[in-house]
Every structure is written in C-alpha cells, then in structure tokens.
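What the coordinates show
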Amino acid sequence: MIQADTIVTRPERAVSNPYRVMIVDDSAVIRGFLSRWLEAEKEIEVVAIASNGVMALREFERARPELVILDIEMPEMDGLTALPRLVKLDPDVQIIMASTLTRRNADVSLKALSMGAADYIAKPESTRVVDEKEIFQRGLVEKIKALGATRRTRDRAAGKVAARPALKPVQTERKPRVVIGAKAPIVLRPFKTIPSPKVIAIGASTGGPQALFKLFEALKGKTTLPVFITQHMPGTFTAILAEHLNKIYDKDCMEAKDGEKVLDNRVYVAPGDWHMTVVNEGAVPVIRLNQEPPENYCRPSVDPMLRSLQAVFGAHVLTVILTGMGHDGLDGCRKLAESGAVVIGQDEETSVVWGMPGAVASAGLCNKVLPLQDITGAIENVIMGRPA
C-alpha cells in the first residue's frame, strides 16, 4: 500500500501514460481504499497521498498530478482553503471534491465548483456496505478518466504535453493517448419550422452546476416557461442546487414533488435518486417521480424526463444539453428531434466534459451547438420564433 504523504515512482504500466492522481484526505481508511482501487486501474497512477491541505500543497509541485481528489473537512487546512492554492499552482489541474452527504458539505461542494473544482463525488456513508462502495468506486474512476481525457485533449490543442514530474533521471518522451477529440464532423439539424416551446428541458452532469448558474443568471427576465432540470446529483445536493438557483433566477426554483401540477414561472429540479417525469392527468400536466432502475447508470436520468416531456408536449419542448460525461439524454433527444423539437447542445470548448452534448451533437440531433454564453440568446430566439 502507498504510504501517506509520499511520492511514489512505479515501473512502466501497460498504459504508457496513465492519468496522474493525488489523493488528499484526513482519513487513513479512505486514503487506503482509494489508493488500492485506483492503483488497480491500468489507466490511473496514484503519484502522491496527503492527509491535509498543507501537505497537499507541499507535495503538489513535486508530484505534478493532473487530477486531485480533495476532501473537504481536514485539520490544519481544509479542502476549500487548499482548492484555490492548488489551482494557482496549476490552472489546468482537475480537482474532484469528495465529501460525505451532509447539507453543509453539499453547500461547500457547490461553492468549490465556483472556485475552480471540476466535479464532486459523495463518499459512501459506510465502507462496509458493498453496493455503496461499488457505486462510489465506479463513479470516481469514471470521473477521473473523463476529466483526465478532457485535460489531455485541451493540452494537445494548446500545444502542451501531459504534466510529468522530474522524479526519474531518464524520462522518455511519450505521446498522450488520444481519448476524445477525433470525432466525426458535427452535422446540425436544420430548422424546418420552429415550434413554439411550451416547456424548457435541461440535462447536465459533470460541470453542470457551474453551467446552470451562468445560464440562469443570463436567463432572468427572458421567459416565463416552466423549466425542467435533470442534473446528475445525489440527494441533498439537488436540494442545495435548487436553493442556489432560486437565489440567482427571478422565478421559483425547487426540487420537484410527486403529483404537483406543472406551472409557468417555475423551475423543477429532479431530486437525487428519483427519475422526474411528466404525465397528463386529465388535461393537466403533472410531475411524477419514480425509482425505476437507473438509466445510463444514472438516477435521476435525463432520458426518462425527455421521453415523458415529448409524450406530453410533442415538438413544443425546447431542450438544452449541457456539459457532462456519458451519453445520457441521447435517446430522449432522438425522440424529440424526430418530433421536430429544437435541441441545443453546449460546445466542447466551454464544456467541462463534452460527453452528453457531444453524443447528441455527433448523432446529428442538435439544431445548434453553442458556447455556454450564447445559449441564453438562442433560447430567447426560439421562444420568439426565430432560428437559434
């Protein structure tokens, strides 16, 4: 096992240039099982471990990690204090905040995202519960690989090479793995007609909270339509997200409740661990929550929301797919596109991870693929009946 607060040099792996990760956590138990899990992955190398923010800063420049798993609550220097200092040392570092599922930690995690963290993950409440550990492990590994791939792609675009520490006297030059970036050219779906939207649907995952805050700040005063949001988040976090949006936006933002009627001037956030759908009960659209199996490994999932909205509103659903890893939302957007609904995707440059919007765009389902700052204007154009 890797000892805490040390730099580790390992022999060459099957993967010539694994993602370099530093673990920062005050719990020896957490440090231990994180290092074992990650070292078992051929594409990941744990290059340093620290028990608090002070030690993390001390080791960072020597270890040169590309990604950091950063605990929030630690003695001497907590994660929120260490975060901006780590970003200052390397503005391109990908930091994943790790915390237990408490209301305070959810609030702090969302604040960390606004300060430069790329993502967050909820620690399992018990390391003895197999299902919780497996979900956490799979989620963490997926985040590391997705964020690592994003960093490598941007490094290549900027003419950089992946960060390497001067730990060995001889270091052979290696070419970074091409993980994303060689996608087929995007073909936009032309506007034949522009159906007047009755609702707005938004799907997001990694990087979503930051994108949502910017989007809703710019969207104030632009629409009275009901807005539905599925953001991949656990419970507690979605409640805090709704509260943050409520402070930013000029309409009521809340976690959706089962059985409530869909009203104008409302924003409905899918609660963590529940799929949010809409059904017609009589002539009135009503929200229904369910705990049917996860889709795309997610609950809430974007696809059930989009399929249900298409069934109720047809082409009159204006859909926006924001930053996020995976391809959740692809199936729902396909059905919406077939019905003639407008679909807008966030572009790769402004996405933290261009997974979800990239999947929809590459499938030719988007009418527009835009930088985040231009999406509000596109929404306004569609509402006014103009091409986005």
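Residues numbered from 1 in each chain as written. Predicted model: local features only at pLDDT ≥ 70, side-chain atom pairs only at ≥ 80, totals over all residues. Heavy atoms only, no water.

1. A closer look at the pattern of salt bridges
Evaluation of the coordinates by the stated rule reveals 20 salt bridges. Salt-bridge contacts for aspartate 331 lead to arginine 307; the nearest nitrogen and oxygen are separated by 3.0 Å. Taken together, the residues aspartate 331 in helix 9 (residues 330-339) and arginine 307 in helix 8 (residues 302-313) connect sequence positions 24 residues apart. The exposure class of arginine 307 is partly exposed, given its relative accessible area of 25%. In this structure, a network of salt bridges that share partners links the residues Asp25, Asp71 and Lys123. (Salt bridge = Lys/Arg side-chain N within 4 Å of Asp/Glu carboxyl O. Helix = DSSP H or I, 4+ residues; strand = E, 2+ residues; numbered from the N terminus. Buried < 20%, exposed > 50% of the residue type's maximum accessible area, 1.4 Å probe, protein only.)

2. As for the confidence of the model for the protein
Of the residues in the protein, 88% reach a pLDDT of 70 or more, and the chain-wide mean stands at 88. The low-confidence segment residues 1-12 (pLDDT under 50) makes 36 contacts with residues lying over four places distant or belonging to another chain. Ignoring residues within four places in sequence, the model shows residues 163-182, a span with pLDDT below 50, making 41 contacts including any to other chains. (pLDDT = per-residue confidence, 0-100. Contact = heavy atoms within 4.5 Å.)

3. Things to note about the sheet that holds strand 2 (residues 44-50)
Pairing is parallel in the open sheet, where five strands are placed in the order 2-1-3-4-5. Each of the sheet's edge strands pairs with one partner strand only, and the pair in question is strand 2 and strand 5 (119-122). When the angles between neighbouring strand axes are averaged without regard to direction, this sheet yields 25°. Bridge count for strand 3 (residues 67-71) against strand 4 (residues 94-99) is five bridges, and the pairing is parallel. Opposite aspartate 71, over in strand 4, you have alanine 98 as the bridge partner. (Pairing = 2+ DSSP bridges. Axes fitted to C-alpha atoms, helices over the stretch in contact; angles between N-to-C directions.)

4. What about the packing of helix 2 (residues 53-63) against helix 3 (residues 79-89)?
In the contact formed by helix 2 and helix 3, the axes pass within 10 Å of each other and the chain directions differ by 5°. As summarised for this structure, helix 2 and helix 3 are arranged roughly parallel, according to the angle between their axes. Two secondary-structure elements touch here, helix 2 through Gly53, Ala56, Leu57, Phe60 and Glu61 and helix 3 through Ala82, Arg85, Leu86 and Leu89. (Parallel < 35°, antiparallel > 145°, perpendicular 65-115°, else oblique.)

5. A closer look at the packing of helix 6 (residues 208-219) against helix 7 (residues 237-248)
For the pair helix 6 and helix 7, the least separation of the axes is 9 Å and the interaxial angle reads 25°. With respect to helix 7, the axis of helix 6 lies roughly parallel. Seen from above, helix 6 lies across helix 7 with right-handed handedness. Along its contact with helix 6, which presents Pro209, Leu212, Phe213, Phe216 and Glu217, the element helix 7 presents Leu241, His244, Leu245 and Ile248. Here the contact of helix 6 with helix 7 is built from residues that sort into seven nonpolar, one polar and one charged. (Left-handed = near helix turned anticlockwise from the far one by under 90°. Nonpolar A, V, L, I, M, F, W, Y, C, P; charged D, E, K, R; others polar.)

6. Description of the sheet that holds strand 6 (residues 199-204)
Here seven strands make up an open sheet; going across it, the order is 8-9-7-6-12-13-14 and the pairing parallel. What marks the edges here is a single partner per strand, and that holds for strand 8 (252-255) and strand 14 (368-370). Looking at each pair of strands side by side, their axes are set apart by 20° on average, direction ignored. Here strand 8 pairs with strand 9 (residues 266-269) via four bridges, running parallel. From the neighbouring strand, cysteine 253 faces strand 9, where its bridge partner is valine 267. Along the sheet face, helix 6 touches strand 6, strand 7 (227-231), strand 9 and strand 13 (343-346) and points at about 160° away from the line of strand 7. Along the sheet, helix 7 makes contact with strand 7, strand 8 and strand 9, crossing strand 8 at roughly 180°.

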